[in-house]
Amino acid sequence: MKIKTYVINLKRSENRREYILKETSQYPCMDVELVEAIDGYQLSSEEMDARFDIQRFTYRYKRSPLPGEIGCELSHQECFRRLLKSEEEIALILEDDIVFSQPELVENMMTVGYDMLKKIKGGIFLYTYAHMSSLKGKDLGNGYSIFRVWVGWGAYAYLIHRNAAKRLLRERPSVVADDFQTVNLMGIKVYGLCFLQGILWEQISKKVNLMLLTAVLFVINWKACLEEDAGNCYS
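Residues numbered from 1 in each chain as written. Predicted model: local features only at pLDDT ≥ 70, side-chain atom pairs only at ≥ 80, totals over all residues. Heavy atoms only, no water.

S.K.: Lay out the pattern of salt bridges with the relevant residues and their values.
M.R.: Counted under the stated rule, the structure contains 11 salt bridges. Arg 82 is the salt-bridge partner of Glu 33, the closest N and O atoms lying 2.7 Å from each other. Of this pair, Glu 33 sits in strand E2 (residues 30–36) while Arg 82 sits in helix H4 (residues 67–85), and the two are 49 residues apart along the sequence. Residue Glu 33 is classed as partly exposed on the basis of its relative accessible area, which comes to 25%. The class of Arg 82 is partly exposed, set by a relative accessible area of 25%. (Salt bridge = Lys/Arg side-chain N within 4 Å of Asp/Glu carboxyl O. Helix = DSSP H or I, 4+ residues; strand = E, 2+ residues; numbered from the N terminus. Buried < 20%, exposed > 50% of the residue type's maximum accessible area, 1.4 Å probe, protein only.)

Okay, structure coming up:
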C-alpha cells in the first residue's frame, strides 16, 4: 500500500530536505511529495492579516501569534488543500526534521492508522507526543495501543482523512498547527499511539485523570536541534 505523503520543507533548508528524502526513501509505503513551507517571517503584516485570523488567535490563546506559528499552520493547510485536490482519501503529513524511532514498525503502524481512518471515514491519527484521554485503548500486540487523544504536542507526523481536511479548511486559520484540543471540539476525532509495555495497569487504574499518562514517541522531531540551520525552522 502506498500512502500519499506530504513533506513540509522550507525552500532554503537544503540540508533538511536532503535528510528527509533519505529518511523517507527507506519506506516503500510512502509516496512522497515535497510541499514548500510558508515562511511566516517573510510575510508582510497585510499578508498575515489576509491569510490568518490574528484577532481570533489572540482571543483563544491570550497572546499574539509568532510569525513561525502562522507559517506553520498555513503550511499544513496547504497540505490539506493538496489532499482535497487529489484522488486520495488519506494522506500522511510529515515535517522535515523527524526521525522514526522504530523503523521496523513504520509500515505496520502506518497501515494501522490508515485502516482506522478509512473505516471511520474521517479523523486524524497522530504519531507524535500525545496524552491519552481514557483507558479504553486497542492493544496492537507489539507494545503499542491506540487511544483517543484530546491533547497533543507537535504536528510533525500524522495521518489525516480528506473529510477532516475539508472541515479544517472551512474556517480561516486561527490556531497553532498542533492544537488538537480545538480539532476535537470541531467534531474531528483524533487518535494516537501509546507505548504501554511494562506499565502496571493496577497502578494506572488508580489514576482517574489519564491526561497525565503520556506516550513514548514513535516519531521524534529532535534532529532539528542537531542541525546548524535549526534556527531556520518555520515553526
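S.K.: Just give me the short version of the pairing of strand E1 (residues 3–9), but keep the residues and values in it.
M.R.: Extensive coverage of E1 is indicated by the burial of 7 of its 7 residues. Both faces of E1 are covered, namely the face carrying Ile 3, Thr 5, Val 7 and Asn 9 and the face carrying Lys 4, Tyr 6 and Ile 8. Summarising the sheet, E1 and E2 pair through 7 bridges and their orientation is parallel. Note on E2: the bridge partner recorded for Ile 3 is Met 30. Note that the unit made of E1, helix H1 (residues 14–24) and E2 has a crossover that is right-handed. (Pairing = 2+ DSSP bridges. Right-handed = clockwise from strand over helix to strand, strands pointing away.)

S.K.: Run through the confidence of the model for the chain, naming residues and quoting values.
M.R.: Averaged over every residue, the pLDDT of the chain is 84; residues scoring 70 or more account for 80%. Note that residues 197–217 has pLDDT below 50 and, in this model, 37 contacts with residues that lie over four places away or in other chains. Contacts for the low-pLDDT stretch residues 222–235, under 50 throughout, to residues beyond four places or in other chains number 31 contacts. (pLDDT = per-residue confidence, 0-100. Contact = heavy atoms within 4.5 Å.)

S.K.: Got a sec to walk through H1? Specific residues and values, please.
M.R.: Within H1 the residues assigned to the buried category are Arg 16, Tyr 19, Ile 20, Glu 23 and Thr 24. Within H1, the buried residues cover an arc of 120° as seen down the axis, which keeps them to one side. Exposed positions of H1 whose direction lies more than 90 degrees from the buried face are Glu 14, Glu 18 and Lys 22. Summarising the contacts, the buried residues of H1 are in contact with E1, E2, strand E3 (90–95) and strand E4 (99–100). (Arc of directions from axis to C-beta.)

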